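# Report on the structure
Residue strings, one per chain:
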Amino acid sequence: MTDDDMVVRELLLICGSLRAASTNMAMMRTVLQMLPDGVAGTLYEGLATLPHFDPDDDHDPLPAAVESLRASLRGADAIMFCTPEYAGGLPGSFKNLLDWTVGGQEIELPVGWINVSTAPGGAQRAHESLGVVLGYTGAQVVATACKQIPVRRDLIDSDGTIGDETIRSEVSHVIAEILTHVPRQHRTVGDQGAGLGG
Ligand SMILES: Cc1cc2nc3c(=O)[nH]c(=O)nc-3n(C[C@H](O)[C@H](O)[C@H](O)COP(=O)(O)O)c2cc1C
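Everything numeric here is computed off the predicted structure, so don't read it as measured data.

### Focus on the site of the ligand
Looking at the ligand, there are 14 residues lining it, with Ser-17, Ser-22, Asn-24, Pro-84 and Ala-119 nearest. Looking at the shell around the ligand residue by residue, the class counts come to 5 nonpolar, 7 polar and 2 charged.

### Describing helix H3 (residues 92–99)
Within the span of H3, buried status applies to Phe-94, Leu-97 and Leu-98. Along the long axis of H3, the arc covered by the buried residues comes to 95°, so they all point the same way. Next to the buried residues of H3 lie helix H2 (64–74) and helix H4 (124–134).

### Some remarks on the packing of helix H1 (residues 23–34) against helix H5 (residues 165–180)
Interaxial distance between H1 and H5 falls to 10 Å at its minimum, and their mutual angle equals 70°. Compared by their axis directions, H1 and H5 come out roughly perpendicular. The chirality of how H1 crosses H5 is right-handed. From H1, Thr-30, Val-31 and Met-34 reach across to H5, where they touch Arg-168, Val-171, Ser-172 and Ile-175. Residue composition of the contact of H1 with H5, grouped by class: 4 nonpolar, 2 polar and 1 charged.

### Observations concerning unusual backbone geometry
Cis geometry marks the peptide bond from Asp-60 to Pro-61; its omega dihedral reads -10°. For Pro-61, the location among the structural elements is in the loop between strand E3 (39–43) and H2.

The rules we used
Residues numbered from 1 in each chain as written. Predicted model: local features only at pLDDT ≥ 70, side-chain atom pairs only at ≥ 80, totals over all residues. Near = placed C-beta within 6 Å. Nonpolar A, V, L, I, M, F, W, Y, C, P; charged D, E, K, R; others polar. Buried ≥ 20, exposed ≤ 12 C-beta atoms within 10 Å, placed from the backbone. Helix = DSSP H or I, 4+ residues; strand = E, 2+ residues; numbered from the N terminus. Arc of directions from axis to C-beta. Contact = placed C-beta atoms within 7 Å. Axes fitted to C-alpha atoms, helices over the stretch in contact; angles between N-to-C directions. Parallel < 35°, antiparallel > 145°, perpendicular 65-115°, else oblique. Left-handed = near helix turned anticlockwise from the far one by under 90°.

Now the structure itself:
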């Protein structure tokens with residue numbers, strides 16, 4: 001290994017909410033901030049630009065937003081999701097993202113999720129649904145990296161992350177659990193971009 005080599009694992013963070021002040025996105029930013037050395041995080045920010053899934057459009061050349069999503073997935077070693085529940089299920093835009101992956105091999109990765117809901121029902125139906133949908137994608141759901149960590153909106157700091165120490169301690173446990181399932185791999189620094197492109 002030369003000085004230019006480093007151990008890099010890529011964690012892709014996908015939020016199911018489009019809301020500007022989203023609690024789920026605050027959690028994803030917090031995970032990004034807390035990643036240990038040797039782990040690179042990418043916050044997926046293309047949810048709003050994805051076209052509606054249509055099997056007739058699922059061929060080359062793909063819509064640019066879909067190609068970008070799939071490139072992000074191909075470059076990832078693991079995925080963390082964080083989604084709200086809408087009307088007893090997954091937000092439509094997030095389900096749409098998942099539909100673009102069903103039938104492909106992009107999510108055949110270790111995945112986990114953090115459920116930040118403070119609602120009495122704990123957004124359980126959305127997360128049951130997420131588990132069902134991921135069952136169609138070949139994802140390897142890491143049970144110990146799927147955790148309910150309720151986050152009140154007033155716990156989001158002005159920088160858009162969550163500074164609360166109790167919450168961060170639980171988040172660090174989830175990060176450690178997902179990374180346990182990702183083999184360390186050696187990539188040359190200059191190879192990281194190539195990895196993202198698949
Ligand atoms: C249209 C709509 C439907 C919702 N339905 C549910 C629901 O079925 N169950 C639930 O626990 N929360 C529900 N909520 C509350 C959201 O999950 C909650 O506001 C959450 O914080 C949104 O996530 P965000 O802060 O990341 O945007 C709903 C909110 C909206 C706007």
